[in-house]
Amino acid sequence: MTDLDERAALRDLAEQLARQAGELVQRDRPARVAVTDTKSSATDVVTAMDRASEQLLSSQLLRLRPEDGLLGEEGTGRPGSSGLTWVVDPIDGTVNYAYGLPIYSVSVAVVTGDVAAAGAWRPVAGCVHNPASGETWTAAAGLGATLDGVPLTAPAPPAPDQALVGTGFGYQPAQRRRQAAVMAALLPQVRDVRRLGSAAVDLCLVACGRLDAYYEQGLNAWDLAAGMLVAREAGVTVSGLAGRPPGGPLVLAAGAPLHAALDALLTGLGADRLMD
Ligand code: LIP
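Residues numbered from 1 in each chain as written. Predicted model: local features only at pLDDT ≥ 70, side-chain atom pairs only at ≥ 80, totals over all residues. Heavy atoms only, no water.

**Quick notes on the pairing of strand S3 (residues 69-72)**
Examined bridge by bridge, S3 and strand S5 (residues 84-92) share 4 bridges and lie parallel to one another. Directly across from Leu70, in S5, lies its bridge partner Trp86. Inspection of the sheet shows S3 paired to strand S4 (residues 77-78) by 2 bridges, in the antiparallel sense. From the neighbouring strand, Leu71 faces S4, where its bridge partner is Gly77. Once S3 ends, the chain turns through 4 residues before running back antiparallel as S4, passing Gly75 with a positive phi of about 105°. (Pairing = 2+ DSSP bridges. Helix = DSSP H or I, 4+ residues; strand = E, 2+ residues; numbered from the N terminus.)

Below, the structure is given as structure tokens:
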């Protein structure tokens, strides 16, 4: 396991790289962002800037951290020998980026354990950088979280009926239909819902109190790793439902009392049983 000094150094490297990639995607954003590929469906899009950002992150990490593993959303991957794996989302919120909506991020985290298995890995350090707003969240395990260098502590959460809850949806029509049914059942029981489009930013917004909670099904490690560490280091509980680890079936982030209430509600709605 890394010591505190190493975690701080890893955090600073994650921030440096997230900012570099963020500058690239912001500076070189074409007026009309072309879709170069799709993944799970015709609306699950990849742009040239996703690929360019991941290429930058991959080449920098190979140069600076050659013994570490790498897992990137757009397919870059290599094993490591150090016990550390970098998990990167080159643009989290690609649809927002393509449409020019200012909520997207470069998410860079370094984890220990087996990143392919939910619950078998832990983030050590990470950064979520929103190039559109300039906001930068960082965290290292045991060293707290910051927003633009200012230490973050999540506010005490409200009761469920006063809670502003973030969420998101998958790309398959049948899954979206079921996810919408869960949201429709939850909506009358909370203040309101926001679908902002970047899981990494959503998790950081819970950390800084701009959302009271966030849940989503279908997240991958690259969506989750850095934002989950920022939230946890700010005092937010991040898990799956009913004590399960956060992962594809469901991620739920909220301050403890609200987390327990939403866990019960979402468990009752079967929110983590909707994967195709
Ligand atoms: C996005 C997530 C978001 C989810 C979107 C998409 P991407 O990641 O951050 O929370 O609702 O469907 O998966 O694909 O833009 O990196």
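**Quick word on the site of the ligand**
Taken together, 16 residues lie around the ligand, and Asp92, Gly93, Arg195, Ala199 and Glu216 are the ones closest in. A distance of 3.1 Å is found between an oxygen atom of the ligand and a side-chain nitrogen or oxygen belonging to Asp89. Take Phe169: an N or O atom from its main chain is 3.1 Å from an oxygen atom of the ligand. Considered on its own, the ligand offers 380 Å² of accessible surface; in the complex 93% of this is hidden by protein. Elements with a minimum of two residues in the shell around the ligand: S5 and strand S13 (213-216). Top element by residues in the shell around the ligand is S5. It accounts for 3 residues. Of the residues in the shell around the ligand, the class split is 5 nonpolar, 5 polar and 6 charged. Here the shell around the ligand gathers at least three residues from each of two domains, domain 1 (4-152) and domain 2 (160-268). (Near = heavy atom within 4 Å. Polar contact = N/O pair within 3.5 Å; in protein donor to acceptor, adjacent residues only side chain to side chain. Areas by Shrake-Rupley, 256 points an atom, 1.4 Å probe, with all protein chains shown as cover. Nonpolar A, V, L, I, M, F, W, Y, C, P; charged D, E, K, R; others polar. Domains from an automatic or database assignment.)

**Points about the side chain of Thr138**
Looking at where Thr138 falls in the secondary structure, it is placed in strand S8 (residues 136-140). On the accessibility criterion, Thr138 (5% relative accessible area) is buried. A distance of 2.6 Å separates polar atoms of two side chains, one belonging to Thr138 and the other to Thr146. Dropping the residues within four chain positions of it, Thr138 is found in contact with Arg11, Glu15, Gly126, Cys127, Gly144, Ala145, Thr146 and Val230. (Buried < 20%, exposed > 50% of the residue type's maximum accessible area, 1.4 Å probe, protein only. Contact = heavy atoms within 4.5 Å.)

**Focus on the sheet that holds S13**
Spatially, S12-S11-S13-S15-S14 is the arrangement adopted by the 5 strands of the open sheet, whose pairing is mixed. Only two strands of the sheet have a single partner each, and these edge strands are strand S12 (192-194) and strand S14 (237-239). Shown here is a sheet whose adjacent strand axes are inclined to one another by a mean of 15°, direction ignored. Here helix H5 (residues 199-207) sits on the sheet and contacts S13 and strand S15 (251-254); the angle it forms with S13, its principal contact strand, is near 155°. Where helix H7 (residues 256-268) meets the sheet, its contacts fall on S13, S14 and S15, and the angle it forms with S15 comes to roughly 150°. (Axes fitted to C-alpha atoms, helices over the stretch in contact; angles between N-to-C directions.)

**Focus on the packing of H5 against helix H6 (residues 221-233)**
In the contact formed by H5 and H6, the axes pass within 8 Å of each other and the chain directions differ by 5°. As summarised for this structure, H5 and H6 are arranged roughly parallel, according to the angle between their axes. On H6, the residues that touch Ala199, Ala200, Leu203, Cys204 and Ala207 of H5 are Asp223, Leu224, Gly227, Met228, Val230 and Ala231. Residues belonging to the contact of H5 with H6 are distributed by class as follows: 9 nonpolar, 1 polar and 1 charged. (Parallel < 35°, antiparallel > 145°, perpendicular 65-115°, else oblique.)

**So, the domain arrangement of the protein**
Annotation of the protein at the domain level lists domain 1 (4-152) and domain 2 (160-268). Between domain 1 and domain 2, the C-alpha centre-to-centre distance is 20 Å. With 43 residues of domain 1 at the interface, the matching set in domain 2 holds 27 residues. Buried surface at the junction of domain 1 and domain 2, summed over both partners, amounts to about 2600 Å²; 68% is from carbon and sulfur atoms. Linking domain 1 with domain 2 are 1 salt bridge, by the criterion used here. A salt bridge links Glu135 to Arg210, with the nearest nitrogen and oxygen atoms 2.7 Å apart. Mapped by element, the contributors of at least two residues to the side of domain 1 that touches domain 2 are S3, S5, helix H3 (94-99), strand S6 (105-113), strand S7 (121-129), S8 and strand S9 (144-147). Per element, the largest residue contribution to the side of domain 1 that touches domain 2 is 7 residues, and it comes from S7. Partitioned by chemical class, the residues of the side of domain 1 that touches domain 2 number 25 nonpolar, 13 polar and 5 charged. (Buried area = accessible area lost by both parts, 1.4 Å probe. Salt bridge = Lys/Arg side-chain N within 4 Å of Asp/Glu carboxyl O.)

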